[in-house]
Amino acid sequence: MKVSLFPLMPLLLVFVIPDVILSSGCPMDCSCSPPESILCFQRRSTTMPQGVPPFTQSLYLFANGIEQLSTEDFDGLENLEMLDLSQNKLTELPDRVFEPLASLKNLDLSSNQITHISEACFEGMELLERLYLYSNHIKTIHPAAFSGLENLLELKLQGNQLTSLPVLSMPHLLLLDLRFNVIPTLGASDLQTPNLESLKLGGVGLTNLNKDLIGSLTNLHELDISKNQLKAFPPVLKETRGLIYLNLAGNPMGPLTFQDLKNLEELQEMDISSLSLQGLPEEFPQLFPHLRKLTVAENPFNCLCTLAWFPNWLRAQSVTLERTEETRCHFPPINAGKVVQRLEHRDFGCPTTTTLTTSTVKTTVAVPLHVTTPESATTDFPPPRVNDYDANRDFNYPLPPVPASPSSSSSMDSDEEQRFCPSHTCLNGGTCRLDQYGQVECTCPPGTYGFFCEIQNDNAPSPAEPDMSMTTVSPNAPDISSRQATSTSILLDLHRYIEMRPYIRGIRLTYRNLSGPDRRPMQLSLPASYPEYRLRGLNPNSTYTVCASPLGAPNGIDSVCTQAHTTDEKNDSVTGAQIVNKKMATMLVPAVAILLLLVLVATAVGVVCYVRKKRAKGHIDLDCEPSQVELDGVKAGLDNGALPQKQTQLMIPEPVVQSSNLEYEVLLLQDHCMSGKNMSSHKPSYF
């Protein structure tokens, strides 16, 4: 029987035509689609494939097991623009091996075993734009190895064993990656790349960042200096502008300040992880208006009120927090180990204050405001910050006098003067008043002298001979005062300061101890919604000067000061003793009442026993039992709450105090009366 093959011809052509194409134009074990792009993946051959068509533009030979190259392997491939030889087993590159590839623009030799780059291995590659040599074992590069690559745009050398770098004279180079080599010094003469946009120097052992090097790279937009040995923020970065990506991670440089970051406002991505940061500068949200990605992982954050703005800011500005699970709190213990981004505002322990009005009681929460200083309001003396002072220095300069506000002018009456003069300012009966400049003064009685009349001496200098301590400029306190103080805290009254300045968005409090050797100023930032604030952690029996100024304004502008005193620790202990005595008195009154009632009950029982003994006319049975009526009477008294409930056990414990309520466990009545000779040994004891 004859079978016609005509109906099967279309099906046969489908299988035959691809085989013809592959056999005529595509190397064995490779894929050619489209025809000008050839992919040979995992051929498992130590040599280059044969039969590559001359019209090929892209040749991908990664992970093929190729061990050596020769010039003959590339004959006839003048049109090739992309050659990928990554992840092979190449150990060397012969001189002029790529010379036949006159059109080559992209060469990937990464992840091989190359140890040296010779002088002539890249000769004849004037059009090359991208050269990837990363993840090899390169130890040396001939000084002239890259001399002919004037059109190179990207050079990647990371992950090798380089200890030095040849001079790179590449006018068009845009990206240079040198990460994870050992190049501790790198100067401007090493990189003659004026148009460089991205420089990656992570993990090369830098101890400082060369100022001339960064200064010569006027087009730099990306900088990676992570995992180096930089012990401080590089000073050159304080003057660098135009960066949109900055990676500082893994350097032992410590906390960052406003001055470090103020010129980096164009950043869009920043990595400051693993810097041992306990917090972030309060001006952080205003410093980076264009930030989109932030990494702050592996830092021991103190999740206190000063960091409460952070989670809300991330959400409000749509900032992506990278490595979220590794961004956790270290302190306080209640927040330790928690993911910072997932905390609510209340979790940061911000203090609350209560403001009384005519109709409502309003509770406010301290939300730190972040206000930057306008460029127009410059000053030669920037506002002091706690981190800007050396712990070993002692600042003894006096605070400058501040002009008095209108409310403290000469037209102010005595009631207003008493209002603005802080209570208990002057000691030993001294009188507090404001001078013509609105400054606090103490008029000392005879036998006392000093700034606050704190020194008692019969030989005190007369008013005509003032004490030299008065030469210190006294602080001004027209709008703030202290309302009360303990041995370690001062309650400040800021009502009038806020009322007289409705335009301010926050308050900067600056305080320091005038009584001790350490007079360094300390600073706090408060929102303008705080009419009262308590300074804590102060030294006992000390005098403090406290100044308030608008947050964000230059130091000394519209600053108002006052002085306050912490009490002696003895005063606190006396107060505590009085409270304890009052509680003891409250405890003893019901105890004495119960004792008297029990004595009366015992006396009544004794009388009953005595009467019954008389009626027995001398019988020797001295045991007696109280009548049922008598027991019912005592029981009724117990049920009515006159006495505490009787315990089943016979032992009588000491009175105990639980939750400030008294609970007595006493034996109210013995079960039976004993004979006279045994009465003393079984007499109940109530205390």
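Not measured: the values here are computed from a predicted model. (Residues numbered from 1 in each chain as written. Predicted model: local features only at pLDDT ≥ 70, side-chain atom pairs only at ≥ 80, totals over all residues. Heavy atoms only, no water.)

What follows is about the overall build of the protein chain. A tally of helices and strands in the protein chain yields 9 helices and 35 strands. Within the span of the protein chain, comprising 687 residues, buried residues form 41% of the whole. A separation threshold of at least 6 residues defines the contact pool for the protein chain, and within that pool the share at least 24 residues apart is 50%. Carbon and sulfur atoms form 54% of the exposed surface of the protein chain, whose accessible area is close to 37,900 Å². (Helix = DSSP H or I, 4+ residues; strand = E, 2+ residues; numbered from the N terminus. Buried < 20%, exposed > 50% of the residue type's maximum accessible area, 1.4 Å probe, protein only. Contact = heavy atoms within 4.5 Å. Areas by Shrake-Rupley, 256 points an atom, 1.4 Å probe, with all protein chains shown as cover.)

Moving on: the nonpolar core. Ranked by size, the top nonpolar core spans 100 residues in total, and within it Leu-83, Phe-98, Phe-122, Phe-146, Ile-272, Phe-284 and Phe-310 carry the most contacts. A total of 4 residues in this core trace back to one element, the largest contributor, which is helix 5 (residues 309–316). Not counting the four nearest positions on each side in its chain, Phe-284 is found in contact with Leu-261, Met-270, Ile-272, Leu-291, Leu-294, Trp-309 and Trp-313. One finds Ile-490, Ile-507, Tyr-533 and Ala-564 within the second-largest nonpolar core, a separate group that totals 20 residues. (Core = buried A, V, L, I, M, F, W, Y, C linked by side-chain atoms within 4.5 Å.)

Our next topic: the side chain of Asp-177. Along the chain, Asp-177 turns up in strand 11 (residues 175–177). Excluding residues that lie within four positions of it along the chain, Asp-177 makes contacts with Leu-155, Lys-156, Leu-157, Gln-158 and Lys-200.

Now for the pattern of salt bridges. For the coordinates displayed, the defined rule picks out 13 salt bridges. Residue Glu-265 pairs with Arg-241 through a salt bridge whose shortest N-O separation is 3.2 Å. Note that Glu-265 is positioned in the loop between helix 3 (258–261) and strand 16 (269–271) and Arg-241 in the loop between strand 14 (222–224) and strand 15 (245–247), a separation of 24 residues in sequence. Its relative accessible area of 25% is what places Glu-265 among the partly exposed residues. Counted as one network, the salt bridges with shared partners bring together Arg-96, Glu-99 and Glu-123. (Salt bridge = Lys/Arg side-chain N within 4 Å of Asp/Glu carboxyl O.)

Turning to the pairing of strand 32 (residues 543–550), a few remarks are in order. Summarising burial for strand 32: 8 of the 8 residues are buried, a large majority. Of the two faces of strand 32, both are covered, the one formed by Thr-543, Thr-545, Cys-547 and Ser-549 as well as the one formed by Tyr-544, Val-546, Ala-548 and Pro-550. Direction of pairing for strand 29 (residues 506–513) relative to strand 32: antiparallel, over a ladder of 7 bridges. Each residue of the ladder has a partner; that of Arg-508, found in strand 32, is Ser-549. With 6 bridges joining them, strand 32 and strand 33 (residues 560–565) adopt antiparallel strand pairing. Bridge pairing in strand 33 links Val-546 to Thr-562. (Pairing = 2+ DSSP bridges.)

Side chains of strand 28 (residues 490–493) alternate between two faces, with Ile-490 and Leu-492 and Leu-491 and Asp-493 buried alike. Relative to strand 28, strand 27 (residues 481–485) runs antiparallel, the two being bridged by 4 bridges. For Ser-482, the partnering residue across the bridge sits in strand 28 and is Leu-492. The antiparallel pairing of strand 27 with strand 28 creates a hairpin that spans 4 residues between the two strands. Relative to strand 31 (residues 532–535), strand 28 runs antiparallel, the two being bridged by 4 bridges. Residue pairing across strands places Leu-492 opposite Tyr-533, the latter belonging to strand 31.

According to the stated counting rule, one finds 5 disulfides in the structure shown. Disulfide pairing is shown between Cys-30 and Cys-40; the S-S distance is 1.9 Å. Every disulfide takes its handedness from the sign of the S-S torsion; for Cys-30 and Cys-40 that torsion is 110°, giving right-handed. Note that Cys-30 is positioned in the loop between helix 1 (9–25) and strand 1 (31–32) and Cys-40 in the loop between strand 2 (37–39) and strand 3 (58–60), a separation of 10 residues in sequence. Neither residue differs from the other here; Cys-30 and Cys-40 are each classed as buried. Bridging Cys-305 to Cys-350, the disulfide has an S-S length of 2.2 Å. (Disulfide = S-S within 2.5 Å.)

The next subject is the sheet that holds strand 31. Ordered in space as 27-28-31, the 3 strands form an open sheet in which the pairing is antiparallel. Edge positions in the sheet fall to strand 27 and strand 31, since each of these pairs with one other strand and no more. On average, adjacent strands in this sheet sit at an angle of 30° to one another, irrespective of strand direction. (Axes fitted to C-alpha atoms, helices over the stretch in contact; angles between N-to-C directions.)

If you walk across this open sheet you meet the 4 strands as 30-29-32-33, and the pairing is antiparallel. Across the chains shown, the open sheet's two edge strands, defined by having one partner strand only, are strand 30 (522–527) and strand 33. The average angle at which neighbouring strand axes cross in this sheet is 25°, direction not considered.

Our focus in this paragraph is the confidence of the model for the protein chain. Caution applies to low-pLDDT parts of the model: their predicted coordinates are not meant to be read in detail. Scored by pLDDT, the protein chain comes out at a mean of 74, with 66% of its residues at no less than 70. Within the model, the stretch residues 354–420 combines pLDDT values under 50 with 124 contacts to residues more than four positions away or in other chains. Considering only residues more than four positions removed or in separate chains, one finds that residues 573–577, a stretch of pLDDT under 50, has 0 contacts. (pLDDT = per-residue confidence, 0-100.)

We now examine helix 5. Turning to helix 5, its buried residues are Trp-309, Phe-310, Pro-311, Trp-313 and Leu-314. Where helix 5 is buried, its residues touch helix 4 (284–287), strand 17 (293–295) and strand 19 (320–322).

Time to look at the environment of Pro-53. Position of Pro-53 relative to the elements: it lies in the loop between strand 2 and strand 3. Through-space distance from the C-alpha of Pro-53 to that of Cys-26 is 7.0 Å; in sequence the pair is 27 residues apart. Look past the residues within four positions of Pro-53 in its chain and what remains in contact with it is Gly-25, Pro-27, Ile-38 and Leu-77.

If you walk through the whole model with that rule in mind, you get 11 aromatic pairs. Between Phe-284 and Trp-313, the ring centres sit 5.6 Å apart and the planes meet at 85°, which makes this aromatic pair edge-to-face. A residue pair is termed long-range when its members are at least 10 positions apart, and Phe-284 in helix 4 and Trp-313 in helix 5 qualify at 29 residues. For Phe-284, a relative accessible area of 0% corresponds to the buried category. When the centroid spacing of 5.6 Å and the interplanar angle of 90° are considered together, the rings of Trp-309 and Phe-310 count as edge-to-face. The same class applies to Trp-309 and to Phe-310, which are both buried. Clustering of aromatic rings is evident, with ring pairs tying together Phe-284, Phe-288, Trp-309, Phe-310 and Trp-313. One Lys or Arg, Lys-156, reaches over the ring of Tyr-132 and ends 4.5 Å from the middle of that ring. (Phe/Tyr/Trp six-rings, centres within 6.5 Å; stacked < 30°, edge-to-face > 60°. Lys NZ or Arg CZ within 6 Å of the ring centre and 35° of its normal.)

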